[in-house]
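What follows is the residue order along each chain.
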Amino acid sequence: MYVAVKGGERAIAAAHRLLADERRGDPSVPELSIAQIEQQMSLAVDRVMSEGALYDRELAALAIKQARGDLVEAIFLLRAYRTTLPRLGHTLPIDTGRMAVRRRISATFKDVPGGQILGPTFDYTHRLLDFTLAAEEQATPQPPQPPTGDAEPITSMPRVTDIMTAEGILAPETDSSEGNSIADLTREPLAFPADRDARLQALARADEGFLLGLGYSTQRGYGRSHPFAGEVRMGAVAVEIQPEELPFPIEIGDVELTECQMINQYKGSAETLPQFTRGYGLAFGQGERKAMAMALVDRALRAAELGESADSPAQDAEFVLYHCDNLEASGFVQHLKLPHYVDFQAELGTLRALRAARREAAE
Amino acid sequence: MSGSPEAAGGYNFAYLDEQTKRMIRRAILKAVAIPGYQVPFGGREMPMPHGWGTGGIQVTASIIGRDDTLKVIDQGADDTTNAVSIRGFFTRTAGVTTTARTEEASVIQTRHRFPEKPLRAGQILVFQVPIPEPLRWLEPRESETRKMHALEEYGIMHVRLYEDIAQLGRITTAYDYPVRVNDRYIMRPSPIPKFDNPKLDNNPALLLFGAGREKRIYAVPPFTKVKSLDFEDHPFEVQSWDHACSLCGARESFLDEIVTDDRGARIYVCSDTDFCAERRDTGHGRVDASEAAE
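Residues numbered from 1 in each chain as written. Chains lettered and ligands numbered in written order. Predicted model: local features only at pLDDT ≥ 70, side-chain atom pairs only at ≥ 80, totals over all residues.

**Regarding the environment of Arg 141 of chain B**
All names here are of chain B.
Link 1 in the chain: The residue Arg 141 is located in the loop between β5 (124-128) and α4 (142-150) in this model.
Link 2 in the chain: Overall, Arg 141 belongs to the partly exposed group, with 17 C-beta atoms counted inside 10 Å.
Link 3 in the chain: Linking Arg 141 and Asp 74, residues 67 residues apart in sequence, is a C-alpha distance of 30 Å. (Helix = DSSP H or I, 4+ residues; strand = E, 2+ residues; numbered from the N terminus. Buried ≥ 20, exposed ≤ 12 C-beta atoms within 10 Å, placed from the backbone.)

Printed below as a string of structure tokens:
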């Protein structure tokens, strides 16, 4: 009569086999290759690399395949792998001013040195299902040819924010970290008050959906910061290290990045003239939604440092930073699936006793 | 108990690299030196989700050595799925001997229970902790609660317990019941039923608590005073049952209620499977429902 309510080894092994089978789907449909995911699901790969905090397209594609397309699960796989990697050193700060730009837009000036470059964007597509994509064999679309003639390769594309800073109307970014130490949340736990380096790291790893909602809330009046997209740029940036034995840095590769610099109104204080301030967002690959939302939230979290009132959720560092990581959130929400027989039994006992006491009192 | 580094399936002994283990051991030493104090540590991502015991697993991985014998329980049972999974993880990554017998284990990792059999000096009990902060439901901000601990500002907790008594006639916290450790820090014993709280007091074993998501470690060293919060006129008391275990007849253990049909019939069995099995092996028998309910 006492049925086995407690699972075991065999159940787990069987669940794993079932999962593998579901992942593969109908075997008459060809299996996805890592290269296909990497090439044709590239924005999924970008998101997994950003929130997985590891720049490796192939591993991110593998994680997506293994996770059956569940990106939060894929991010988890990549993070769990990343944490086992040795640290070989630190790169120099990257310089996005020297980015090989593929897309660059500014919403604050009609034209800027280097020009506006639309690049590969969904922005002006009409969201109509393209049924021709449903046909499997198609001609490969030809990318547009760059304009010929006297157009030179774009070598200089100064950041819009640098131009504004030079004029003094935009507050310069200052290095708040002492010496060379930069916060690293993967080594040291979050502590409060959290400096901007720690905050930006947490936001860079944060769940895109969570940041999107929070950023949106600042636009609707919960911590309004009057943002303008000063610049969004996307492209490849060189990564350099400085070996101790050499007098010059060496380039070890490129990473594709999306950077957003949000420009926000600031009324100034007794000591400072009114000027613009900024919020910063950065994501691996083409992660515009993430970078823009991150920039809004970064600026919102600067409320205290800029002497603004901070009473909205997006301005509350403890609220934002403790809840933005999708690994932590997903794990803790879903752990409610694990057995809680013992605590529930304890609660049952209390509840029954309370009910009995109330009934007795009523009699 | 030092782990000697050696690759097992491409990973270090007990999964974590030695630098990480050292960092965690330093946090454990600090936790032992300041009983009940929550020590922040650089918690790592583990290959299982937060909420599945990543804190306890990191603590176990940092203290376990080749000669250790490991027992893993969840809800008191060795055969619940997550206990099976964690035990499998350490078998795979550390190759240690595992056991279901409480007395044979040198390290016991647990979720939500304290074993029924008394522990002895030299054993280590590692708790998986979801929320380490006892004041969290009263004050959501970590920056505030850390200050409250530093200043020993615990009035708010007593007020909460008092409000329960005033409104409901009793303290309604049934598990994760707050304790005061070594007359100083208020500590969350992790979600063990308050039935288990008395076992924390003056226990000969070392009790370690790991919270992976919240990145905190705390400890109760052997033979340390642990007092469940109460009032003189409302002393702390533990749960009791009108039933005995249907399998072994025990009346002194924590019982799980099991619904056996859709007409409300239920039986009660020990949540500690090892304790129950041993009693059955030594001749304690089945009790039928009518007898058990005496």
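Still more to cover.
**A word on the domain arrangement of chain A**
All names here are of chain A.
Link 1 in the chain: In terms of domain boundaries, chain A breaks down into domain 1 (9-82) and domain 2 (96-119 + 154-173 + 188-329).
Link 2 in the chain: Summarising the inter-unit geometry, the C-alpha centres of domain 1 and domain 2 are found 29 Å apart.
Link 3 in the chain: Contact residues are listed per partner, giving 13 residues for domain 1 and 13 residues for domain 2.
Link 4 in the chain: For the side of domain 1 that touches domain 2, the secondary structure elements donating two or more residues are α3 (42-52) and α5 (71-82).
Link 5 in the chain: If you tally residues by element for the side of domain 1 that touches domain 2, the top one is α3, at 7 residues.
Link 6 in the chain: Class assignment for the residues of the side of domain 1 that touches domain 2 results in 8 nonpolar, 1 polar and 4 charged. (Domains from an automatic or database assignment. Contact = placed C-beta atoms within 7 Å. Nonpolar A, V, L, I, M, F, W, Y, C, P; charged D, E, K, R; others polar.)

**Examining the packing of α5 of chain A against helix α11 (residues 326-334) of chain A**
Residues and elements named next belong to chain A.
Link 1 in the chain: Here α5 crosses α11 at 115°, and the two axes come no closer than 10 Å. By the angle between their axes, α5 is roughly perpendicular relative to α11. The element α5 and its partner α11 pack so that their crossing is left-handed. Across the interface between the two elements, Val 72, Ile 75, Phe 76 and Arg 79 of α5 pack against Asn 326, Leu 327 and Ser 330 of α11. (Axes fitted to C-alpha atoms, helices over the stretch in contact; angles between N-to-C directions. Parallel < 35°, antiparallel > 145°, perpendicular 65-115°, else oblique. Left-handed = near helix turned anticlockwise from the far one by under 90°.)

**Structural notes on the sheet that holds strand β3 (residues 250-264) of chain A**
Residue and element names in this part refer to chain A.
Link 1 in the chain: Ordered by their spatial adjacency, 4 strands build an open sheet running β1-β2-β3-β4, and the pairing between neighbours is antiparallel. Two strands in the sheet have a free side with no partner beyond their single neighbour: β1 (100-105) and β4 (277-284). Direction aside, the axes of adjacent strands within the sheet are offset by 20° on average.
Link 2 in the chain: Note: strand β2 (residues 227-241) against β3, 14 bridges, orientation antiparallel. What sits directly across from Phe 228, in β3, is Ile 263.
Link 3 in the chain: On top of the sheet, helix α6 (residues 160-167) reaches β2, β3 and β4; it is set at about 110° to β2, its chief contact. (Pairing = 2+ DSSP bridges.)

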